[in-house]
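Spelled out, the chains give:
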Amino acid sequence: MSTRFFTQYGGQIATLSLEHLWLTGAAMLFATMIAVPAGIWLTRAPGWAKPVIGAANVLQTIPSLAMFGFLLPLPWLGDRAARIAIVALTAYALLPILRNTYAGIRGIDPAIVEVARALGLTGMQRLFKVELPLAASFILAGLRTATVTCVGIATIAAAVGAGGLGELIFRGVASVDNRLVLAGALPAALLALVADAGLGLLERWFKVSA
Amino acid sequence: MPPAIEFRNLSFKTAQGRLLLDDFSLALEEGTVTAIIGRSGSGKTTLLRTVNRMVEPTDGQVLINGRDAQQADLIALRRGMGYVIQETGLFPHFTVERNVALVLEAEGRPRAERLGRSHDLLATVGLEPATFAMRHPHQLSGGQRQRVGLARALAADPPILLMDEPFGALDPLTRAEMQDMLRDLLARLKKTVLLVTHDLDEALYLGGRIVLLSDGRLVASMKPEEFMQSAQPEIVGYIGAFHRGERSAGGGRQVAGDGRA
C-alpha cells in the first residue's frame, strides 16, 4: 500500500477503528452487566442453568447477518444502526460470559465453599470474598472469548450502516479493491489480537495457585 | 447449667429415604472433648454437621447451651463454632494471616486487631508468624495447612470446636505430632470439642468420652477406659475390626477400622 493510500484513508481508518471499538466495548459492558449476575444467580438456582444457558446458546447460533436483519424493523432500535449493532453484539457475548461465570463458581473446591459457609460468612461475603475472586480468571476467560468474537462480528454491523471497520471491507468488496478490504480487515484483526492479549494478561494475573 | 451441646431424638433422612441418624440423643458438657467413632457411613459426619446446621435434621432437636439451634440466627450460630475438616478448605487466594482472621474480617473488626490475633494464633499452633504469615496455602505442607485450619477455627474464640477427621489426610508421623499439639492446646483452651475420627487410637488419645455410632444409632457413650474394657458385643466387634484393619494396612493408622464394612 502506498503512502498516497494512507494519506487518503488514514483518517478514516482511525475513525472507523474507534467506532468499532466503541460498538464492541459498549456491547461487552452490557453483556457483562447481564451475564455475570445471571451466571451468579444460576449457581444459586442450578435448576435454571440448563434452560438459561441453552437459550444463550440458541442466540449464539443465529447467523449474524440475519440477527442484524431481525433487529432492523424493531421500533426505537431500528432508528439508529449503532443501537442494533450493540444489541446484537451483546446477544453474542452473553453465552461465553454466562457459561464461564456459572462454571467458574461451580468449579470451586467444595471444601472451600463449605468452610466459607461454616465459618459464618454471609451470602454476600461468600460471593465477594471467596467465590468471585476464585472464579475471576475463569470469568475473564469468558470475557476474552466474547470480546474476540464480537470484534469479528462487529465488522458485519456495517451492513446495516452501523459503521466500524466493516464499512471499509464492504466498500472494498463492492469496488473490488483489495486494499480497502485489507484496510478494514487488518485493523480489525489487530484489535482482536490486542484485546485477546490484554485480557489474557489480566486473566493470568487473577489466576490463583491451588 | 445446661449442656453445651445436646442432641434430642435427632433423626436425619436423606431425600432418597436413607436414614443417616436414627433417634440419636446425647448431652455434651461444656469444656469436654467427645470423640465420635464408627465405620464409614455410620452417620458421624452428619451428626457433626447438625451442630452448625450444615445439615438440618428431619426430626428432633439440637440444643446449644439449652437453646434450640433451629431458632438461633444462622450466621451468629456458625461464628460461635470453629470448624476444621480434613480437606482444610483454606482459601487459596488469601495469605495465611488473612485466612486465619477471615471470621474477624467478616465481623468487621479493625485490621490491627485481626493481624495481631492472627499472628498470636499462628504461634499457638506452632507456626512462626514471621515465616508463615505472608505465605499462601499452596506454599505449605499438609501438616502446616492443617495447623492454619485449626488457627482459623479458633480466631473468634468460639466456645465450641467441630472437627471432622482433621488429621485424616496426614502421614502417621505428622499425624502424631498434630495430635500432641492439639491435646496440649485443648487442655489449655477448655473448649467443648466434637471430634469425628475413624482412628480409634486418636479417639482414645484425645477424647474424654468415646461415642460409637452404628447405622446412625448411638451404640455407646463412655469414658475411654470403660470403652476398652466393655464387653458389649458391638464395642468388642468394633475394636476387633479396627485392629484387624490396622494390621492388614501394615500399621497405617489412617486406613484402619474404616471403609471395610
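Residues numbered from 1 in each chain as written. Chains lettered and ligands numbered in written order. Predicted model: local features only at pLDDT ≥ 70, side-chain atom pairs only at ≥ 80, totals over all residues.

**What about the overall build of chain A?**
Here is step 1 of the chain: The helix and strand inventory of chain A stands at eight helices and zero strands.
Here is step 2 of the chain: Each helix and strand of chain A, placed in order from N terminus to C terminus, yields the pattern α-α-α-α-α-α-α-α.
Here is step 3 of the chain: The principal-axis extent of the C-alpha atoms belonging to chain A is close to 70 × 40 × 20 Å.
Here is step 4 of the chain: Expressed as a percentage of its 210 residues, the buried residues of chain A come to 40%.
Here is step 5 of the chain: Excluding contacts between residues fewer than 6 apart, the proportion of contacts in chain A whose partners are at least 24 apart in sequence is 75%. (Helix = DSSP H or I, 4+ residues; strand = E, 2+ residues; numbered from the N terminus. Buried ≥ 20, exposed ≤ 12 C-beta atoms within 10 Å, placed from the backbone. Contact = placed C-beta atoms within 7 Å.)

**Considering the overall build of chain B**
Here is step 1 of the chain: Secondary structure summary: chain B contains eleven helices and ten strands in total.
Here is step 2 of the chain: Computed over its C-alpha atoms, the radius of gyration of chain B comes to 18 Å, within 12% of the 18 Å expected for a compact globule of 261 residues.
Here is step 3 of the chain: Counting only C-alpha atoms and orienting by the principal axes, one finds that chain B spans roughly 55 × 45 × 35 Å.
Here is step 4 of the chain: Classification of the 261 residues of chain B by burial places 44% in the buried group.
Here is step 5 of the chain: A separation threshold of at least 6 residues defines the contact pool for chain B, and within that pool the share at least 24 residues apart is 67%. (Rg over C-alpha atoms; globule rule 2.2 N^0.38 Å.)

**Some thoughts on the sheet that holds strand β5 (residues 67-68) of chain B**
Residues and elements named next belong to chain B.
Here is step 1 of the chain: Ordered by their spatial adjacency, four strands build an open sheet running β2-β1-β4-β5, and the pairing between neighbours is antiparallel. Whereas interior strands pair on both sides, the edge strands pair on one side only; in this sheet they are β2 (19-28) and β5.
Here is step 2 of the chain: Bridge count for strand β4 (residues 59-64) against β5 is two bridges, and the pairing is antiparallel. Each residue of the ladder has a partner; that of I64, found in β5, is R67. (Pairing = 2+ DSSP bridges.)

**Brief notes about the interface of chain B and chain A**
Here is step 1 of the chain: Contacts between the two partners involve 17 residues from chain B and, on the opposite side, 17 residues from chain A.
Here is step 2 of the chain: Only α2 (74-79), β6 (81-85) and α4 (102-106) of chain B provide two or more residues apiece to the side of chain B that touches chain A.
Here is step 3 of the chain: Among the residues making up the side of chain B that touches chain A, the classes are represented as nine nonpolar, five polar and three charged. (Nonpolar A, V, L, I, M, F, W, Y, C, P; charged D, E, K, R; others polar.)

**Some words on the pairing of β4(B)**
Residues and elements named next belong to chain B.
Here is step 1 of the chain: Note: strand β1 (residues 5-13) against β4, five bridges, orientation antiparallel. Its bridge partner being in β4, R8 is matched across the sheet by Q61.
Here is step 2 of the chain: Taking the residues that link successive antiparallel strands as the turn, the β4-β5 hairpin has two residues, and the phi of N65 there is positive, at about 50°.

**Looking at the packing of helix α7 (residues 142-154) of chain B against helix α8 (residues 172-189) of chain B**
Residue and element names in this part refer to chain B.
Here is step 1 of the chain: Between α7 and α8, whose axes approach to 10 Å, the crossing angle comes to 25°. It follows from the interaxial angle that α7 and α8 lie roughly parallel. α7 and α8 meet at a crossing whose hand is right-handed. On α8, the residues touching G142, G143 and Q146 of α7 are T174, E177 and M178.
Here is step 2 of the chain: Grouping the amino acids of the contact of α7 with α8 by side-chain chemistry returns one nonpolar, four polar and one charged. (Axes fitted to C-alpha atoms, helices over the stretch in contact; angles between N-to-C directions. Parallel < 35°, antiparallel > 145°, perpendicular 65-115°, else oblique. Left-handed = near helix turned anticlockwise from the far one by under 90°.)

**Notes on the sheet that holds strand β10 (residues 217-222) of chain B**
Residues and elements named next belong to chain B.
Here is step 1 of the chain: Here we have six strands laid out as an open sheet, ordered β6-β7-β8-β3-β9-β10, and mixed in their pairing. Edge positions in the open sheet fall to β6 and β10, since each of these has one partner strand only. Neighbouring strand axes in the sheet, compared pairwise and without regard to direction, differ in orientation by 15° on average.
Here is step 2 of the chain: Sheet topology places strand β3 (residues 33-37) next to strand β9 (residues 209-214); four bridges connect them, and they run parallel. If you follow T34 over to β9, its bridge partner there is R209.
Here is step 3 of the chain: Packed onto the sheet, helix α1 (residues 44-51) meets β3, β6, β7 (160-164), β8 (192-196) and β9 and runs at close to 150° relative to β8.

**Focus: unusual backbone geometry**
Here is step 1 of the chain: Residue V176(A) is not a glycine yet carries a positive backbone phi of 45°.
Here is step 2 of the chain: Examined against the element boundaries, V176(A) turns out to sit in the loop between α7 (166-174) and α8 (178-206).
Here is step 3 of the chain: A count of 8 C-beta atoms within 10 Å places V176(A) in the exposed class.
Here is step 4 of the chain: For D157(B), which is not a glycine, the phi torsion comes out positive at approximately 50°.
Here is step 5 of the chain: Among the secondary structure elements, D157(B) is positioned in the loop between α7 and β7.

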